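Close look at the chain arrangement
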Amino acid sequence: MAVTGIWLNELNSVMLLIEDAHHGLTGKYRSIVGRDPHVRDLAGRTNYLDGNKQMVGFAVCFEIANPGPGSGHTSICTWSGWYKSSGGKDEIDTHWLLTVNELDPKDEWGSHLIGEDTFVKALDEPREDVLTNDQALKELHQKLNS
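For the structure given in this document, a descriptive report is provided here. (Residues numbered from 1 in each chain as written. Predicted model: local features only at pLDDT ≥ 70, side-chain atom pairs only at ≥ 80, totals over all residues. Heavy atoms only, no water.)

Considering the overall build of the protein chain
Cut-off, in case you're wondering: Helix and strand labels come from DSSP, where a helix needs a run of H or I of at least four residues and a strand needs a run of E of at least two; each type is numbered from the N terminus. As a reference, a globule follows 2.2 Å times the number of residues to the power 0.38, and the radius of gyration itself is taken over C-alpha atoms. Think of it in three bands: with a 1.4 Å probe and only protein chains considered, a residue is buried below 20% of the maximum accessible area for its type, exposed above 50%, and partly exposed in between. Whether two residues are in contact is decided by their heavy atoms: any pair within 4.5 Å suffices.
A tally of helices and strands in the protein chain yields one helix and eight strands. Ordering the α and β elements of the protein chain from the N terminus gives β-β-β-β-β-β-β-β-α. A compact globule built from 146 residues would reach a C-alpha radius of gyration of about 15 Å, and the protein chain, at 16 Å, matches this within 12%. Taking the principal axes of its C-alpha atoms as reference, the protein chain extends roughly 50 × 35 × 25 Å. Put simply, the protein chain has 146 residues, and 40% of those count as buried. Looking at the protein chain alone, contacts between residues at least 24 apart form 44% of all its contacts between residues at least 6 apart.

Points about a nonpolar patch on the surface
Convention followed: Patch rule: a residue counts if its relative accessible area is over 30% and it has no salt bridge; like charges are joined within 9 Å, and nonpolar side chains (Val, Leu, Ile, Met, Phe, Trp, Tyr) within 5 Å. The Shrake-Rupley method, run with a 1.4 Å probe, gives the accessible areas here. Residue values count only the displayed protein chains as cover. Salt-bridge detection follows one rule: a side-chain nitrogen of Lys or Arg within 4 Å of a carboxyl oxygen of Asp or Glu.
Taken together, the side chains of Leu 11, Ile 32 and Val 33 define a hydrophobic patch exposed on the protein surface, amounting to about 250 Å² of accessible area. With respect to the helices and strands, Leu 11 occurs in the loop between β1 (5-9) and β2 (14-19). By relative accessible area, which is 42% here, Leu 11 ends up partly exposed.

Examining helix α1 (residues 134-145)
Short version of the rule: Here a helix's expected span is defined as the number of its residues, less one, multiplied by 1.5 Å. The arc in question is the one traced by the directions running from the helix axis out to the C-beta atoms.
For α1, built from twelve residues, the straight-helix expectation of 16 Å at 1.5 Å per residue is met to within 8% by its first-to-last C-alpha distance of 16 Å. Those residues of α1 lying buried are Ala 136, Leu 137, Leu 140 and His 141. Viewed end-on, α1 has its buried residues packed into an arc of 135 degrees, placing them on one side of the element. Of the residues in α1, the exposed ones pointing more than 90 degrees away from the buried face are Lys 143 and Asn 145. Elements that come into contact with the buried residues of α1 comprise β1, β2, β3 (24-30) and β8 (112-123).

A short note on the packing of aromatic side chains
So the rule is basically this: Pairs were defined over the aromatic rings of Phe, Tyr and Trp, the Trp ring being its six-membered one, requiring ring centres within 6.5 Å. Orientation was assigned from the angle between planes: stacked under 30 degrees, edge-to-face over 60, tilted for the rest.
Counted according to the given criterion, the structure contains six aromatic pairs. Centroid distance Trp 7 to Tyr 83: 6.1 Å. Interplanar angle 90 degrees. Geometry classified as edge-to-face. Placement of Trp 7 in strand β1 and of Tyr 83 in strand β6 (residues 71-86) is noted, with a sequence separation of 76 residues between them. Residue classification places Tyr 83 among the buried positions, given a relative accessible area of 5%. Seen in terms of ring centroids, Tyr 29 and Phe 119 are 6.4 Å apart; in terms of plane orientation they differ by 75 degrees. Their pairing is edge-to-face. Here Phe 119 lies in strand β8 and Tyr 29 lies in strand β3, a separation of 90 residues in the sequence. Judged by its relative accessible area of 2%, Tyr 29 falls in the buried class. Judged by relative accessible area, which is 0%, Phe 119 ranks as buried. One aromatic cluster is present, built from ring pairs that chain together Tyr 29, Phe 58, Phe 62, Trp 79 and Phe 119.

In C-alpha cells form, the structure reads like this:
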C-alpha cells in the first residue's frame, strides 16, 4: 500500500500512516511546531492508486495543556491532498484546516486557520518508535535533505 510508512513535513512534524485493504487510514502524528508535543492518533481515508497519484485525507485531534485566555483545550486539524510518486520520491501535498476551540462564540470567526504541507516519505516501514526518537528523526531529516 503506497502511503503506508513514516512521513516528514517541511516543518519537521512526523506521521505514521497505515493504509488498510479498504483504503482506511490509521496512524499517529507528532507536531513539532504546535502547542501539543504528544503523539496523537490519526484517522482518514484514501482511494485506490490511480496512475501515479492517490487522494489522501486524514484528521488529528490535539489537546493543549495551557491554551491561553479564551481558548479551549482542544483543536482539530484535517489534511486533504494527493499522494504522488515520481522519480523514486514519494510525497503527499496537502491543504490543511485547523479549528481551534474558542470558548466565546463571538470569537469563533477567528478559530479557523488554513495552510499547506508537503510530506515526504522517509521510511516504508511504519515504525512507531521513530515518532518519539528525536535523534532518529534528525537523521531521517538529514537523509532526506542530502
